[in-house]
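# A closer look at the structure
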Amino acid sequence: MFSNMQSDNNVPVIAIDGPSASGKGTVAQGVAKALGFHFLDSGALYRLVALGAERRGIALDDAAGLAELAAGLPARFEGEDIWLGDERVTDAIRSEACSAGASRVAAVPQVRRALLGRQRAFRQAPGLVADGRDMGSVVFPDALLKVFLTASPEERARRRHKQLMDKGLYATISTLLQDIRARDARDSTRAVAPLQQGADAILLDTTQLTIDQAVEAVLKHYHAVCARP
Ligand code: DC
(Lines give C-alpha, C1' and ligand atoms only; values in the text may rest on other atoms or scores of the structure.)
Protein backbone atom coordinates (compact mmCIF):
# COMPACT_ATOMS: atom_id res chain seq x y z
CA MET A 1 0.00 0.00 0.00
CA PHE A 2 1.13 3.57 -0.70
CA SER A 3 4.44 2.47 -2.21
CA ASN A 4 3.91 4.47 -5.40
CA MET A 5 2.19 7.46 -3.86
CA GLN A 6 3.69 10.84 -3.05
CA SER A 7 3.55 11.69 0.63
CA ASP A 8 2.03 14.98 1.76
CA ASN A 9 4.12 17.05 4.16
CA ASN A 10 1.05 18.87 5.48
CA VAL A 11 -0.41 15.65 6.85
CA PRO A 12 0.03 15.36 10.65
CA VAL A 13 2.33 12.61 11.90
CA ILE A 14 2.51 11.14 15.39
CA ALA A 15 5.92 9.47 15.76
CA ILE A 16 6.09 6.75 18.39
CA ASP A 17 9.60 5.45 18.97
CA GLY A 18 10.93 3.12 21.61
CA PRO A 19 12.57 -0.22 22.31
CA SER A 20 11.24 -3.61 21.24
CA ALA A 21 8.41 -5.20 23.20
CA SER A 22 7.57 -1.88 24.84
CA GLY A 23 4.00 -2.20 23.58
CA LYS A 24 4.41 0.73 21.22
CA GLY A 25 2.98 -1.18 18.25
CA THR A 26 -0.25 -1.91 20.07
CA VAL A 27 -0.42 1.61 21.46
CA ALA A 28 0.35 3.16 18.06
CA GLN A 29 -2.40 1.08 16.44
CA GLY A 30 -4.84 2.12 19.17
CA VAL A 31 -4.01 5.79 18.62
CA ALA A 32 -4.36 5.41 14.83
CA LYS A 33 -7.74 3.74 15.26
CA ALA A 34 -9.00 6.38 17.68
CA LEU A 35 -8.04 9.20 15.28
CA GLY A 36 -8.88 7.38 12.03
CA PHE A 37 -5.22 7.77 10.97
CA HIS A 38 -3.05 5.46 8.87
CA PHE A 39 -0.50 3.30 10.66
CA LEU A 40 3.10 2.50 9.78
CA ASP A 41 4.81 -0.45 11.47
CA SER A 42 8.34 0.38 10.32
CA GLY A 43 9.85 -2.53 12.26
CA ALA A 44 7.86 -4.88 10.02
CA LEU A 45 9.83 -3.54 7.03
CA TYR A 46 13.15 -4.51 8.65
CA ARG A 47 11.66 -7.87 9.60
CA LEU A 48 10.56 -8.35 5.97
CA VAL A 49 14.07 -7.59 4.72
CA ALA A 50 15.48 -10.16 7.17
CA LEU A 51 12.96 -12.79 6.09
CA GLY A 52 13.42 -11.97 2.39
CA ALA A 53 17.20 -12.34 2.81
CA GLU A 54 16.74 -15.75 4.39
CA ARG A 55 14.37 -16.84 1.61
CA ARG A 56 16.75 -15.65 -1.14
CA GLY A 57 19.95 -16.77 0.55
CA ILE A 58 21.36 -13.26 0.98
CA ALA A 59 23.89 -13.13 3.82
CA LEU A 60 23.15 -10.67 6.61
CA ASP A 61 26.56 -9.06 6.13
CA ASP A 62 26.04 -8.53 2.37
CA ALA A 63 25.13 -4.81 2.57
CA ALA A 64 24.71 -4.33 -1.20
CA GLY A 65 22.53 -7.45 -1.56
CA LEU A 66 20.36 -6.42 1.39
CA ALA A 67 19.97 -2.86 0.08
CA GLU A 68 18.91 -4.16 -3.34
CA LEU A 69 16.38 -6.44 -1.68
CA ALA A 70 15.08 -3.58 0.52
CA ALA A 71 14.74 -1.23 -2.48
CA GLY A 72 12.56 -3.68 -4.39
CA LEU A 73 10.93 -5.41 -1.42
CA PRO A 74 7.68 -7.00 -2.69
CA ALA A 75 5.86 -6.17 0.57
CA ARG A 76 2.19 -5.40 1.05
CA PHE A 77 0.25 -4.36 4.13
CA GLU A 78 -3.41 -5.34 3.92
CA GLY A 79 -5.34 -4.63 7.10
CA GLU A 80 -3.80 -6.91 9.74
CA ASP A 81 -1.99 -8.98 7.13
CA ILE A 82 1.53 -8.60 5.80
CA TRP A 83 2.63 -10.17 2.52
CA LEU A 84 6.04 -10.82 1.02
CA GLY A 85 5.35 -11.55 -2.62
CA ASP A 86 2.72 -14.30 -2.65
CA GLU A 87 3.45 -15.44 0.88
CA ARG A 88 1.44 -14.30 3.88
CA VAL A 89 4.15 -13.67 6.48
CA THR A 90 2.15 -11.94 9.23
CA ASP A 91 3.27 -14.50 11.85
CA ALA A 92 6.57 -15.60 10.30
CA ILE A 93 8.12 -12.13 10.67
CA ARG A 94 7.40 -12.16 14.44
CA SER A 95 9.63 -15.16 15.17
CA GLU A 96 12.62 -14.61 17.44
CA ALA A 97 14.93 -15.53 14.52
CA CYS A 98 13.37 -12.76 12.43
CA SER A 99 13.66 -10.32 15.35
CA ALA A 100 17.39 -11.02 15.55
CA GLY A 101 17.81 -10.79 11.75
CA ALA A 102 15.84 -7.53 11.63
CA SER A 103 18.07 -5.99 14.25
CA ARG A 104 21.11 -6.88 12.12
CA VAL A 105 19.76 -5.61 8.78
CA ALA A 106 18.54 -2.45 10.53
CA ALA A 107 22.16 -1.62 11.36
CA VAL A 108 23.06 -1.45 7.64
CA PRO A 109 22.94 2.19 6.46
CA GLN A 110 22.16 1.25 2.83
CA VAL A 111 19.11 -0.72 3.98
CA ARG A 112 17.82 2.20 6.05
CA ARG A 113 18.29 4.54 3.10
CA ALA A 114 16.52 2.14 0.74
CA LEU A 115 13.47 2.01 3.05
CA LEU A 116 13.16 5.76 3.60
CA GLY A 117 10.90 6.65 0.64
CA ARG A 118 8.64 3.68 1.27
CA GLN A 119 8.11 4.77 4.88
CA ARG A 120 7.43 8.40 3.95
CA ALA A 121 4.82 7.29 1.41
CA PHE A 122 2.61 6.21 4.33
CA ARG A 123 2.07 9.87 5.15
CA GLN A 124 -1.43 10.23 3.75
CA ALA A 125 -4.49 12.23 4.87
CA PRO A 126 -6.00 12.45 7.36
CA GLY A 127 -2.86 11.55 9.34
CA LEU A 128 -0.28 8.92 10.21
CA VAL A 129 0.83 7.20 13.37
CA ALA A 130 4.33 5.83 12.75
CA ASP A 131 5.90 3.24 15.03
CA GLY A 132 9.64 2.54 15.09
CA ARG A 133 13.03 3.67 16.36
CA ASP A 134 13.84 6.69 14.18
CA MET A 135 10.38 7.96 13.22
CA GLY A 136 10.84 11.29 15.01
CA SER A 137 14.56 11.68 14.38
CA VAL A 138 15.06 10.62 10.73
CA VAL A 139 11.94 9.58 8.85
CA PHE A 140 9.48 12.25 10.03
CA PRO A 141 11.60 14.92 11.76
CA ASP A 142 8.70 17.40 11.35
CA ALA A 143 6.19 15.11 13.15
CA LEU A 144 3.56 17.07 15.06
CA LEU A 145 3.99 14.89 18.13
CA LYS A 146 6.97 12.70 19.06
CA VAL A 147 6.62 10.12 21.80
CA PHE A 148 9.37 7.93 23.23
CA LEU A 149 7.47 4.96 24.61
CA THR A 150 9.23 2.52 26.88
CA ALA A 151 8.84 0.08 29.78
CA SER A 152 11.32 -1.71 32.03
CA PRO A 153 13.22 -4.62 30.38
CA GLU A 154 11.61 -7.06 32.86
CA GLU A 155 8.10 -5.88 32.01
CA ARG A 156 8.90 -6.04 28.28
CA ALA A 157 10.18 -9.62 28.64
CA ARG A 158 7.00 -10.52 30.52
CA ARG A 159 4.82 -8.97 27.77
CA ARG A 160 6.75 -10.73 25.00
CA HIS A 161 6.44 -14.01 26.91
CA LYS A 162 2.67 -13.60 27.16
CA GLN A 163 2.46 -12.76 23.43
CA LEU A 164 4.39 -15.92 22.52
CA MET A 165 2.41 -18.12 24.92
CA ASP A 166 -0.84 -16.79 23.43
CA LYS A 167 0.44 -18.01 20.06
CA GLY A 168 1.37 -21.39 21.53
CA LEU A 169 5.11 -20.65 21.21
CA TYR A 170 7.48 -21.60 24.01
CA ALA A 171 10.23 -19.39 25.48
CA THR A 172 11.54 -18.66 28.95
CA ILE A 173 11.31 -15.17 30.42
CA SER A 174 15.02 -15.21 31.27
CA THR A 175 16.02 -15.98 27.65
CA LEU A 176 13.67 -13.29 26.39
CA LEU A 177 15.12 -10.81 28.89
CA GLN A 178 18.63 -11.60 27.66
CA ASP A 179 17.50 -11.15 24.02
CA ILE A 180 15.80 -7.85 24.84
CA ARG A 181 18.92 -6.52 26.57
CA ALA A 182 21.16 -7.61 23.66
CA ARG A 183 18.84 -6.05 21.08
CA ASP A 184 18.54 -2.81 23.08
CA ALA A 185 22.31 -2.57 23.22
CA ARG A 186 22.63 -3.17 19.47
CA ASP A 187 19.77 -0.82 18.53
CA SER A 188 20.97 2.02 20.76
CA THR A 189 24.70 1.86 20.02
CA ARG A 190 24.63 1.37 16.22
CA ALA A 191 26.18 4.13 14.13
CA VAL A 192 23.09 4.94 12.04
CA ALA A 193 19.81 6.15 13.52
CA PRO A 194 20.41 4.68 16.98
CA LEU A 195 17.46 4.23 19.31
CA GLN A 196 17.48 7.31 21.51
CA GLN A 197 14.94 9.59 23.09
CA GLY A 198 15.09 12.85 21.11
CA ALA A 199 15.13 16.13 23.01
CA ASP A 200 11.79 17.01 21.37
CA ALA A 201 10.08 13.70 22.26
CA ILE A 202 7.75 13.16 25.20
CA LEU A 203 8.75 10.23 27.43
CA LEU A 204 5.95 7.76 28.15
CA ASP A 205 6.90 4.93 30.53
CA THR A 206 4.20 2.26 30.26
CA THR A 207 5.59 -0.17 32.88
CA GLN A 208 2.62 0.54 35.13
CA LEU A 209 0.08 1.42 32.42
CA THR A 210 -2.52 -0.65 30.61
CA ILE A 211 -2.69 -0.34 26.81
CA ASP A 212 -5.83 1.81 27.06
CA GLN A 213 -4.15 4.14 29.55
CA ALA A 214 -1.10 4.47 27.27
CA VAL A 215 -3.34 5.22 24.24
CA GLU A 216 -5.22 7.82 26.29
CA ALA A 217 -1.94 9.45 27.34
CA VAL A 218 -0.78 9.79 23.71
CA LEU A 219 -4.17 11.15 22.61
CA LYS A 220 -4.06 13.70 25.42
CA HIS A 221 -0.65 14.93 24.28
CA TYR A 222 -1.83 15.03 20.67
CA HIS A 223 -4.92 17.09 21.47
CA ALA A 224 -2.78 19.42 23.58
CA VAL A 225 -0.39 19.96 20.63
CA CYS A 226 -3.31 20.53 18.25
CA ALA A 227 -4.87 23.09 20.61
CA ARG A 228 -1.67 25.14 20.71
CA PRO A 229 -2.11 28.54 19.05
O1 DC B 1 9.80 -2.83 16.28
P2 DC B 1 10.33 -4.20 15.87
O3 DC B 1 10.75 -5.07 17.05
O4 DC B 1 9.41 -4.91 14.96
O5 DC B 1 11.68 -3.90 15.03
C6 DC B 1 12.45 -4.91 14.47
C7 DC B 1 13.90 -4.45 14.39
O8 DC B 1 14.04 -3.38 13.45
C9 DC B 1 14.50 -3.95 15.70
O10 DC B 1 15.75 -4.58 15.94
C11 DC B 1 14.75 -2.49 15.51
C12 DC B 1 14.72 -2.29 14.03
N13 DC B 1 14.02 -1.06 13.66
C14 DC B 1 14.78 0.04 13.32
O15 DC B 1 16.00 -0.02 13.39
N16 DC B 1 14.17 1.18 12.93
C17 DC B 1 12.84 1.27 12.88
N18 DC B 1 12.27 2.40 12.50
C19 DC B 1 12.04 0.16 13.25
C20 DC B 1 12.68 -1.00 13.65
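Refer to the preceding data block for the structure.
Just so we're clear, the structure is a prediction, and the values are computed from it rather than from any experiment. (Residues numbered from 1 in each chain as written. Predicted model: local features only at pLDDT ≥ 70, side-chain atom pairs only at ≥ 80, totals over all residues. Heavy atoms only, no water.)

## Notes on the packing of aromatic side chains
Scanning the model with the defined rule gives two aromatic pairs in all. Taking 5.8 Å as the distance between ring centres and 85° as the angle between the ring planes, the aromatic pair formed by Phe 77 and Phe 122 counts as edge-to-face. A residue pair is termed long-range when its members are at least 10 positions apart, and Phe 77 in strand β3 (residues 75-78) and Phe 122 in the loop between α5 (109-120) and β6 (128-132) qualify at 45 residues. Taken individually, Phe 77 and Phe 122 each receive the classification buried, so the pair is uniform in this respect. (Phe/Tyr/Trp six-rings, centres within 6.5 Å; stacked < 30°, edge-to-face > 60°. Helix = DSSP H or I, 4+ residues; strand = E, 2+ residues; numbered from the N terminus. Buried < 20%, exposed > 50% of the residue type's maximum accessible area, 1.4 Å probe, protein only.)

## Remarks on the nonpolar core
In terms of nonpolar packing, the biggest core is built from 37 residues, with Leu 40, Leu 48, Val 49, Leu 66, Leu 73, Val 111 and Phe 140 touching the most fellow members. Among residues more than four places away in sequence, those in contact with Val 111 are Tyr 46, Val 49, Leu 66, Ala 67, Ala 70 and Val 105. Ranked by size, the runner-up nonpolar core spans 19 residues in total, among them Ala 28, Leu 145, Leu 149 and Val 215. (Core = buried A, V, L, I, M, F, W, Y, C linked by side-chain atoms within 4.5 Å. Contact = heavy atoms within 4.5 Å.)

## Some remarks on helix α9 (residues 211-227)
Its 17 residues place the ends of α9 24 Å apart at the C-alpha level, agreeing with the 24 Å of an ideal helix rising 1.5 Å per residue. Of all the positions in α9, only Ala 214, Val 215, Ala 217, Val 218, Leu 219, Tyr 222 and Val 225 are classed as buried. Against the buried residues of α9 lie β1 (13-17), α1 (24-35), β7 (145-150) and β8 (202-205). (Expected span 1.5 Å × (residues − 1).)

## Topic: the site of the ligand
Within the structure, the ligand sits among 17 residues, and Arg 47, Arg 112, Arg 133, Asp 134 and Arg 190 are positioned closest to it. Interatomic distance of 2.8 Å between a side-chain N/O atom of Arg 112 and an oxygen atom of the ligand. For the ligand, whose free accessible area comes to 440 Å², the fraction covered by protein is 96%. Within the residue set of the shell around the ligand, elements represented by two or more residues are α2 (42-56), α4 (96-105) and α8 (173-189). Among the elements that line the shell around the ligand, the one with the most residues is α2, at four residues. Looking at the shell around the ligand residue by residue, the class counts come to four nonpolar, five polar and eight charged. (Near = heavy atom within 4 Å. Polar contact = N/O pair within 3.5 Å; in protein donor to acceptor, adjacent residues only side chain to side chain. Areas by Shrake-Rupley, 256 points an atom, 1.4 Å probe, with all protein chains shown as cover. Nonpolar A, V, L, I, M, F, W, Y, C, P; charged D, E, K, R; others polar.)

## A closer look at the sheet that holds β8
On the basis of which strands lie adjacent, the open sheet formed by five strands has the order β2-β6-β1-β7-β8 and parallel pairing. The outermost strands of the open sheet, each flanked by one partner alone, are β2 (38-41) and β8. For this sheet the average axis-to-axis angle between neighbouring strands, irrespective of direction, equals 20°. Sheet analysis places β1 next to β6, joined by five bridges and oriented parallel. Paired with Val 13 across the bridge in β6 is Leu 128. (Pairing = 2+ DSSP bridges. Axes fitted to C-alpha atoms, helices over the stretch in contact; angles between N-to-C directions.)

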